[in-house]
Amino acid sequence: MNMETRKKGFWRRYRDEYVELMRLGFPVLLTQLGVIVMSFTDTMMVGAYGVEQLAASAFVNSVFLIPLVMLSGLAAGITPLVGALFSTREHAETGRVARAGLQINALVSSVFTLVMGGLYFFLDCFGQSDEILPVARPYFLTLLTTLIPMSLFNAFTQTSNGLTDTRAPMYFILGAIVLNIVGNWLLIFGHCGFPELGLTGAGIATAVARLAGLVGIYVMYRRARRYAPYRATLFGPGHLGRQRVKVWVTSYPVMIQTGVECSLWSVGAVACGWFGKIQLAAFQVVNTIGQLGFMTYMSFGVAVSIRVANYCGLGDERGAGDTTRAGLHLNMVLATLASLVMTLLAHPLIGAFTPDSAVISAAEMFIVPLVLYQYLDAAQLTFINAIRGTSQVKPLLWIALVSYVAVGIPVMMLFALGLDWESVGVYYSFDIALLCAAVLAGLVFRNLKIENRK
C-alpha cells in the first residue's frame, strides 16, 4: 500500500469523527475563548490597577481553583449518563438523571461554601506578603457567594452537552462574560459614577455575571421547545434514589480527580508566593496566557466525552476509540498553534497584562515550560475526557494521585527549592505531572471495555 492510499484510508476513517467533533466542539470552543477574553481582561484591568491587586488576585484565585474545578468535575459526571440515554431516546429517565444531578450539585456546592468560608479566617497562614492580604480578603468573600450559582449552572450546561446541545449554553456564558467585563470596567476603576473598588469590584462583577448566567439557562430549560421532552421529570415530583446513586457514582471520582489535579496548581501558586510578589504576579500572567491552550483543548475534550458517551449507549467500542483518536489529532494541531502564538508573541502578550518591567522579565522565563505544557495538557485532556465518556471513571482517582501528588508535588519542591529554579521550576513540575497523567490515562482508556449501558 503506497503513502497516498494510506492517507486516503486514514482520512476516510476519521473524516466523519472530525466533522462531528468540530460540530460539538466549536460552540464550546467559542465559549472557552470568551472565558479566555474575560480572564485576559480581568488580569489586564487588575494588573493596570496595581501589582498588589494582581498578586492578591493570583493568590485568591489559586485558593478557589480547587473548589471551582472540583465542582466543575462534579457536574461533568452528568454528561456521560445523559449522553448514553440520549442515544437511546429515553427522555423521561434523562430528565430524572438531570434533576438528580442538580440536587447533588446544589448540596455539594453548599458544603464547599461552608468549608471555604471557614478557610477565610486562616488566609494569613499561607505565607503570603502582608501587603496583599487586606486586598485579598474582600475579594475572597465576593467569590465565596458564587459557588452555588456556578455549580447549578454547570449542572444545566453538562446536561445540555449530554443532549448534544453545546450551542445553547454558549450564549449564556458569552452573555455573562460581557456582563462581567462591563462590571469590571465600572467597578474596578469607578467609571460612570460607580464606586472605585479595585479588586473587590472585579469580584462583585463576577458574582453578578454568574448569577445572571444561572437565571438565563434556567429560563431556557423552562421554555425552550428542544427541552420540552425532559421537563416533566426534570422539574416534576418523583423519587430519585436510584438516579442520585448513579449520578454520584459517576461524578465523585471526576470531582476528586479534578480537585487533586488542580491542587498541584494551587500549591504552585502558593510556592511562587514564597519568592515574592513579582514572581507570584508573573505566575498569574503566565497562567492566564496558558488558558489560551487549556480552554481550547478542553473544548474538544468535552466533544470527545459526548461522542464516547453516545457510542457507549450503543455498545460501539470501535466508534469510541476512533472518536478519541480523532480528538487527539485535533488537539495536537491546536497545541501547535497555541505554542506558536505563545512563542512568537510572548513579549507583547505579557506586556498587555502589566506595565511592570520586573513582572514582564520574570514571566518571560516561563515560555519554554509553557510550550511543553501545551502538548502534554492536550494529550491528557483528550484521554481523561474519553474515560469520563465511558462512565468508568474510578481509574481517574489513582491517575490523579500518582501524577499530581506522588510525582508532581515532590518534583515541584525539587525543582523550585532543591535546584533553586524558583517559580520557573514550579512550571516545569507541571510538565512532568502532565506527562505522567497523559501516559497513564492513555493506557487506561486503551484497556477499557465498552459495553452497552442502556
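Everything here concerns the structure above.
Residues numbered from 1 in each chain as written. Predicted model: local features only at pLDDT ≥ 70, side-chain atom pairs only at ≥ 80, totals over all residues. Heavy atoms only, no water.

**Things to note about the overall build of the protein**
Consideration 1: Looking only at helices and strands, the protein features 17 helices and zero strands.
Consideration 2: A globule of 454 residues ought to have a C-alpha radius of gyration of about 22 Å, and the protein, at 22 Å, matches this closely.
Consideration 3: Taken over the C-alpha atoms alone, the protein extends approximately 60 × 55 × 40 Å along its principal axes.
Consideration 4: Per-residue burial for the protein yields a buried fraction of 60% across its 454 residues. (Helix = DSSP H or I, 4+ residues; strand = E, 2+ residues; numbered from the N terminus. Rg over C-alpha atoms; globule rule 2.2 N^0.38 Å. Buried < 20%, exposed > 50% of the residue type's maximum accessible area, 1.4 Å probe, protein only.)

**Remarks on helix α16 (residues 395-418)**
Consideration 1: A rise of 1.5 Å per residue sets the reference length of α16, with its 24 residues, at 34 Å; its end C-alpha atoms lie 32 Å apart and thus fit the reference within 8%.
Consideration 2: If you look at α16, its biggest bend is around 40°, right at Gly408, and the proline Pro410 turns up within four residues after that.
Consideration 3: Restricting attention to buried positions, one finds in α16 the residues Pro395, Leu396, Leu397, Ile399, Ala400, Ser403, Tyr404, Gly408, Val411, Met412, Phe415 and Ala416.
Consideration 4: Next to the buried residues of α16 lie α10 (241-274), α15 (367-390) and α17 (422-447).
Consideration 5: Phi for Asp420, located one or two positions after α16, is positive at around 65°. (Expected span 1.5 Å × (residues − 1). Bend = angle between axes of the 7 residues up to and from the residue. Contact = heavy atoms within 4.5 Å.)

**Details of the packing of aromatic side chains**
Consideration 1: Scanning the entire structure with this criterion turns up 19 aromatic pairs.
Consideration 2: Ring geometry for Tyr120 versus Phe121: centroids 5.4 Å apart, planes at 80°, classification edge-to-face.
Consideration 3: By relative accessible area, Phe121 is classed as exposed at 63%.
Consideration 4: These aromatic residues form a ring-pair network of at least three members: Trp265, Phe283, Phe366, Tyr373, Tyr404, Tyr427 and Phe430.
Consideration 5: Across from the ring centre of Tyr120, 5.7 Å away, lies the NZ or CZ of Arg137, which sits over that ring. (Phe/Tyr/Trp six-rings, centres within 6.5 Å; stacked < 30°, edge-to-face > 60°. Lys NZ or Arg CZ within 6 Å of the ring centre and 35° of its normal.)

**A closer look at the nonpolar core**
Consideration 1: Residues Phe64, Tyr404 and Phe430 are the most contacted members of the largest nonpolar core, which totals 136 residues.
Consideration 2: The greatest single-element share of this core, amounting to 17 residues, is contributed by helix α11 (residues 277-314).
Consideration 3: Those residues in contact with Phe64, other than ones at most four positions away along the chain, are Met116, Phe140, Leu143, Leu144 and Leu147. (Core = buried A, V, L, I, M, F, W, Y, C linked by side-chain atoms within 4.5 Å.)

**Concerning the side chain of Thr258**
Consideration 1: Inspection of the secondary structure assignment puts Thr258 in helix α10.
Consideration 2: Look at Thr258 and you get buried, because its relative accessible area is 6%.
Consideration 3: A distance of 3.3 Å separates a polar atom in the side chain of Thr258 from the backbone oxygen of Val69.
Consideration 4: Each residue touching Thr258, except ones within four places of it in the same chain, is listed here: Val69, Met70, Gly73 and Arg388. (Polar contact = N/O pair within 3.5 Å; in protein donor to acceptor, adjacent residues only side chain to side chain.)

**Things to note about empty space enclosed by the protein**
Consideration 1: Under the counting rule described, the total for this entry stands at two cavities of 30 Å³ or more.
Consideration 2: Listed by contribution, the elements that provide at least two residues to the lining of the second largest cavity are α4 (91-119) and α9 (228-235).
Consideration 3: Broken down by element, the lining of the second largest cavity gets its largest block of residues, three residues, from α4.
Consideration 4: Split into classes, the residues belonging to the lining of the second largest cavity amount to six nonpolar, three polar and no charged. (1 Å grid on protein atoms, 1.4 Å probe; cavity = no way out; pocket = protein on both sides within 12 Å on 5 of 7 lines; lining within 4 Å. Points joined across faces, edges and corners; volume = space filled by probe spheres on them. Nonpolar A, V, L, I, M, F, W, Y, C, P; charged D, E, K, R; others polar.)

**Brief notes about the environment of Leu71**
Consideration 1: Note on placement: Leu71 falls in helix α2 (residues 51-76).
Consideration 2: A relative accessible area of 0% places Leu71 in the buried class.
Consideration 3: On a C-alpha basis, the gap between Leu71 and Thr258 in space is 8.8 Å, while along the polypeptide they are 187 residues apart.

**Describing the packing of α15 against α16**
Any two packed helices are characterised by the angle at which their axes cross and by the distance between the axes.
Consideration 1: At a minimum axis separation of 11 Å, α15 and α16 run at an interaxial angle of 155°. Classified by the angle their axes make, α15 and α16 are roughly antiparallel. Seen from α15, the contacting residues are Gln380, Ile384, Ile387 and Arg388; seen from α16, they are Leu396, Ile399 and Tyr404.
Consideration 2: Split by residue class, the contact of α15 with α16 holds five nonpolar, one polar and one charged. (Axes fitted to C-alpha atoms, helices over the stretch in contact; angles between N-to-C directions. Parallel < 35°, antiparallel > 145°, perpendicular 65-115°, else oblique.)

**Focus on the pattern of salt bridges**
In a structure, side chains of opposite charge can pair up when their charged atoms sit close to one another.
Consideration 1: Under the counting rule described, the total for this entry stands at eight salt bridges.
Consideration 2: The closest approach of N and O atoms between Arg325 and Asp322, which form a salt bridge, is 2.7 Å. Taken together, the residues span about one helical turn, with Arg325 and Asp322 both in helix α12 (residues 317-344) at a distance of three residues.
Consideration 3: Salt bridges sharing partners connect three or more residues here, namely Glu93, Arg96 and Arg242. (Salt bridge = Lys/Arg side-chain N within 4 Å of Asp/Glu carboxyl O.)

**Re the side chain of Thr233**
Consideration 1: Along the chain, the position of Thr233 falls in helix α9.
Consideration 2: A polar contact is formed between the side chain of Thr233 and the backbone oxygen of Ala92, at a distance of 2.9 Å.

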